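As a plain string of letters, each chain reads:
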Amino acid sequence: MRLTRRFFLKSSGIALVGWGVVPRFLARAAAATAGKGKILVVIFQRGAADGLNIVVPHAEKTYYDLRPSIAIPRPKSGDAQAALDLDGSFGFHPALEAFKKLYDEKLLGVVHAAGSPDSTRSHFDAQDFMETGTPGLKSTPDGWLNRYLLTTPAEKPSSFRGVSLTSQLPRILQGPAPALAIPGIQQFGFAPGPYKRIVEGGLEALYGSSSDPLLAPTAGETFEAVKLLESVNPAQYSPAKGADYPPGPFGQTMLQVAQLIKSNIGVEIVFAETGGWDHHVNEGGAQGQLATLLRQFSRGITALVRDLGDRMADVVIVTLSEFGRTASENGNRGTDHGHANALFVLGGAVAGGQLYGRWPGLAREQLFEGRDLALTTDFREVLGEVLVHHLGATALGNIFPGYDARPEKFRRFLRA
Amino acid sequence: MKRRRFRSLLAVLLTALLFLPAPGALAAGEKSPITIPDTGLTEEQKIVHLLNRLGYGPRPSYALRASEGRPSDIERVKRMGIAAYIEQQLNPATIPDEDVEQRLAGFKTLQMTPFQLLAAYPPPQLLRGIEQRLAPEMGMDPDAAGAMFPELERYRELQQRREQQAGENAAKKEDEDPVRRELRRQEQMTPEERMQQAMASPARIVLELSQAKLLRAVYSERQLEEVMTDFWFNHFNVFIGKGADRWLTTSYEQEAIRPHALGKFRDLLGATASHPAMLFYLDNWLSADPKADYDERALRQRYAATLREQGTYPGALLVEIFRQRGMDPIQAQRYIARQLDRMNEPPNSRFANRRPAGRAPDGQPRRPAQQQQRRGLNENYARELLELHTLGVDGGYTQQDIIEVARCFTGWTLLPLQFGPRFLYVDQFHDRGAKRVLGQEIKNGGRQDGERVLDLVARHPATARFISLKLARRFVSDSPPASLVDKMAKTFRETDGDIRAVLRTLFSSEEFWSPAAVNAKVKTPLEFVASAARATGAEVDDLPPGLVLALRGLGQPLYSAQPPTGYKDTADAWVSTGALLNRMKVAMGLAANRLPGVRVEPPAEALRVESTRQLVTQLGQQLLGQELSESTRAALEAELAKATPALEAGGRQAQARLALGWLLASPEFQRR
């Protein structure tokens, strides 16, 4: 079973490029459109989401042999439990109704059989590798998003250039370049109350009168960031019409992503995460644990897309998960840790409505180590394309050290 | 939960003890090998600097309840003499530490071995395996099994509902979805309920260990020992969140780190290399000669034999789990027989055979998914041993050295988790060939190959330099002078890695006592929180662990540094917009008594002063151990004046708390 889209070079200029460094003339051309107010949102599904049940290879008979109780039924009109067909070979899990609409509107694409080449099946190690961008190396201290921020100067400096909607700064954003962890926009500054202004005033005075060469300037940025976010008036935010955020923490997170982007405070990189994807037991098929998560997941992201509206021309959203799951189900009607996965790319700049990558097949000899979906697209190729062609990054070799992220390897899901 | 302390008598006794020369310390009149050079600092400045470096900051008199006759830390050091104080701190066994020991007495997980921890707080996968496979095999009634493992009650509930729903119509309200109900239930739990739930699970181990570390930092008299334990744990980092390490880290700190923190480097190195926590964390337990020819069955028999030698047996852990949950041990023993049979069966990769349903395309029954492949050489530990633990990244080793070191450590493995993890040397995994490490030939000596490597690297001059550099970074400044590092390295080499001796060199150096070194370091979150608690005389309960939770928000959740490099000890890692904001919030929260389990009272003397200026001056002096700068004092005074109308109802108390919060958040307090 083959997917469409084997990439090919458009311009011979690209053929000259090696080692991930884009030649100056191309960089300038790319920078003309890329990088201007462009935004990347990375959403991490922690726990290893089951790509085979999310983007279902319904034309493969093996899929149904391997998953007798949890496989998603072949598309059938009128059947609400069946896969939502995409291109005759693949279909969405029925809970991804919201994504199907985006797919039909060409705002959403899929890269299947993608992920990290390292064979670890440890959640911690694999998440680490995917966040540091150096699969196999455990001692990388910083994350690839931080390296992007470090090596690519901002158009306008902003404390909010790299933001994560988590309680702590994740590995992917850790490093020398400044990045902010915002657990919740409302809770960013000091607790509201009668003494808030007094407390802030005292702190500003203290740091303002200090000659500490390191702490004083940092504090200055801190107070500015707090004021800036407050001026955005988060309490009054109302989403655009048609943006239907699902209840629950993920919906809330997506809403805050929209808020941050629309408030124009210089956000360029946003990171968010969602957990609970580790379905070893009773994963469920068309109904069940995975279905519930997928419903929230797709509705939340779709609401974000709708809320951003026209702004989506500047925004690309990429989903990641540390690895996929075993091709066959296990004895507990769940799946175990696997290898390659399906990831989503969304945005106005994405040539959506298609699947990208190369499908390796599910026959036993085609599986990785005889058990998992094999990898045909490295996640760094997907992100590399976004970083270079959307954000205008030029130092890809520094962002993904040790990886030969040449532009000719890109899957080309971004519109030229 | 509060601790009761027997105050007056004990306090007097302790105060007396602190002045008596204890065995092992210097006798009265005996000169310390430490000499404090004259670098222009006053004696008080020296003492504050020392307490900020050798420990977690000075405690002012009100923090020690001066009314009971206990002098402040500064006073005490003045009376003893700086050199004598340092010498005493270098011999922690001579320092009584009853307060801390009483506070920790209720933390039962601290006293438990990994085996006991696994039995009392089993990992969820083990419980699930027991409930779903073992219990039916043993003929247990599923309800009885469920009752024995209440943690799994919810899972069974969800399972039942799902099976029910499978037959029903798809159209369903979200509210009835059991997973969403569970999510909502979790959200609606009160903090107390959440804490209770955590305390009955493996999370308790992390909680108690973290809270114990914090309590020691705040209350222990053996401050240098605490600082060195923290230093070495970070140097030989393990991540408590990685799989089995959750049950191994307590023992790691207590047995491999703390006893050697002020001893000989080679002993410390050896203890960490062979501890299960490190073997698991850096994967050496998986490492084996790829050419090794071993039989899985023979291996299992070896495990069983080892267990018997140690007076236990395979399945002892499971029996203990059942016994603790009220099951009749005879019933549990029935399982043992089966387990021993299993020892002789073909290997399976998991707790029990798990066969996927259905048949493979060729009509054969499916084989269980192989989770573990054939073992091969794992370089992880070898690399970090050279790069992070000893020589350092520029220490002059090559990639080939890493491979050779890895070959030497093949066979250094563990008894698997379910038997109660312990170090085990398995010769069948060992690479028998000759190896060449850093120019030295190592002929096959089995387990001794690893020991030889440790001898080699411990004595390597690059190691002396690297360790001295890290110590100087911790104790002096982010870029310590080369002259100091050289001196310390020389002592390291000459004393064969005697940590005490190296520290004596450090504390006698001009570089340490130089005015340039004073307040040169930015506090890490742990140092910030511990020094804040000490400086304010905060009363920290054992539960809820407000300060430990604050540390998570500040980016230093204890024992949870994922990469082997541990937490960074330089300012750039801890000073950023977000980090500074969080520190300020913690400071204000602490002063306002908003951190659960921590109470701060403004000192009585401060509440009795006449003017705001006096309040600020006194609090500043007490908190920082030194006079505030004129600009800081003026700024605080002005802001307090502005605040006074709004604080009217709270009076002096409110003013004092506000000033305390500001002082804790001030740039001066972020430094040490």
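So, here's what we can say about the structure. None of these values were measured; they are calculated from a predicted model.

1. Some thoughts on the overall build of chain A
Logical step 1: Each helix and strand counted, chain A has 13 helices and 12 strands in total.
Logical step 2: For chain A, the C-alpha radius of gyration of 22 Å lies close to 22 Å, the compact-globule estimate for 416 residues.
Logical step 3: When its C-alpha atoms are laid out on the principal axes, chain A stretches across 70 × 50 × 40 Å.
Logical step 4: Taking all 416 residues of chain A together, 62% fall into the buried category.
Logical step 5: When contacts within chain A are restricted to residue pairs at least 6 apart in sequence, those whose partners lie at least 24 apart make up 73%.

2. Notes on the nonpolar core
Logical step 1: Core analysis: the biggest nonpolar cluster contains 231 residues, and Phe344(A), Met228(B), Trp232(B), Phe475(B) and Phe507(B) have the highest contact counts within it.
Logical step 2: Counting residues per element, this core draws most heavily on helix α11 (residues 289-308) of chain A, at 10 residues.
Logical step 3: The contacts of Phe507(B), once residues within four sequence positions are left out, are Ile34(B), Thr35(B), Ile36(B), Leu50(B), Leu54(B), Ile86(B), Leu224(B), Phe475(B), Phe512(B) and Trp513(B).
Logical step 4: If you look at the next biggest cluster of nonpolar residues, it comprises 41 residues, including Tyr148(A), Val382(A), Leu396(A) and Phe413(A).

3. Some points on the interface of chain A and chain B
Logical step 1: Counting residues at the interface gives 57 residues for chain A and 63 residues for chain B.
Logical step 2: The tally of links from chain A across to chain B stands at one salt bridge.
Logical step 3: Between Arg671(B) and Asp212(A) there is a salt bridge whose closest N-O contact spans 2.5 Å.
Logical step 4: The set of elements that each furnish at least two residues to the side of chain A that touches chain B consists of α4 (61-66), α6 (123-132), α8 (196-208), α9 (215-231) and α11 of chain A.

4. Some words on the pairing of strand β5 (residues 108-115) of chain A
Here is the key point about a regular strand: its side chains alternate between the two faces of the sheet.
All names here are of chain A.
Logical step 1: In terms of residue burial, β5 counts as a mostly covered element, since eight of its eight residues are buried.
Logical step 2: Relative to strand β10 (residues 341-347), β5 runs antiparallel, the two sharing five bridges. By the bridge assignment, Val111 is partnered in β10 with Leu343.
Logical step 3: Two strands pair when backbone bridges link them, and β5 and strand β11 (residues 355-356) are joined in this way by two bridges, in the parallel orientation. Looking across to β11, one finds that Val110 is bridged to Leu355.
Logical step 4: As defined by bridge partners, β5 adjoins strand β12 (residues 377-378) across two bridges and the pair is classed as parallel. Across the sheet, Gly115 pairs through a bridge with Asp378, a residue of β12.

5. A short note on helix α17 (residues 296-309) of chain B
Residue and element names in this part refer to chain B.
Logical step 1: For α17, with 14 residues, the first-to-last C-alpha span of 20 Å sits near the 20 Å given by 1.5 Å per residue.
Logical step 2: Regarding α17, the residues found buried are Leu299, Arg300, Tyr303, Ala304, Thr306 and Leu307. An end-on view of α17 places all buried positions within 160° of arc, on one side of the element. In α17, the exposed positions angled more than 90 degrees off the buried face are occupied by Arg308 and Glu309.
Logical step 3: Gly311 occupies a position one or two residues after α17 and carries a positive phi of about 80°.

6. Observations concerning the packing of aromatic side chains
Logical step 1: Inspection of the entire model under this criterion finds 29 aromatic pairs over all chains.
Logical step 2: On the basis of an interplanar angle of 45° and a centroid distance of 5.8 Å, the ring pair of Trp232(B) and Phe265(B) is categorised as tilted. With Trp232(B) in helix α13 (residues 223-235) and Phe265(B) in helix α15 (residues 265-274), this residue pair connects regions lying 33 residues apart in the sequence.
Logical step 3: Relative accessible area serves as the criterion here: at 0%, Trp232(B) is assigned to the buried category.
Logical step 4: Geometrically, the ring pair formed by Phe233(B) and Tyr252(B) is edge-to-face, given 5.6 Å between the ring centres and 75° between the ring planes. On the criterion of sequence distance, the pair formed by Phe233(B) in helix α13 and Tyr252(B) in helix α14 (residues 245-257) is long-range, its members being 19 residues apart. For the pair formed by Phe233(B) and Tyr252(B), the shared burial category is buried.
Logical step 5: Among the aromatic side chains, those forming a connected cluster through ring pairs are Phe92(A), Phe99(A), Tyr103(A), Phe250(A), Trp277(A), Phe297(A) and Phe344(A).
Logical step 6: Taking NZ or CZ as reference, Arg103(B) lies 3.5 Å from the ring centre of Tyr219(B), over its face.

Definitions and limits used
Residues numbered from 1 in each chain as written. Chains lettered and ligands numbered in written order. Predicted model: local features only at pLDDT ≥ 70, side-chain atom pairs only at ≥ 80, totals over all residues. Heavy atoms only, no water. Helix = DSSP H or I, 4+ residues; strand = E, 2+ residues; numbered from the N terminus. Rg over C-alpha atoms; globule rule 2.2 N^0.38 Å. Buried < 20%, exposed > 50% of the residue type's maximum accessible area, 1.4 Å probe, protein only. Contact = heavy atoms within 4.5 Å. Core = buried A, V, L, I, M, F, W, Y, C linked by side-chain atoms within 4.5 Å. Salt bridge = Lys/Arg side-chain N within 4 Å of Asp/Glu carboxyl O. Pairing = 2+ DSSP bridges. Expected span 1.5 Å × (residues − 1). Arc of directions from axis to C-beta. Phe/Tyr/Trp six-rings, centres within 6.5 Å; stacked < 30°, edge-to-face > 60°. Lys NZ or Arg CZ within 6 Å of the ring centre and 35° of its normal.

Keep in mind these values describe shape, not function.
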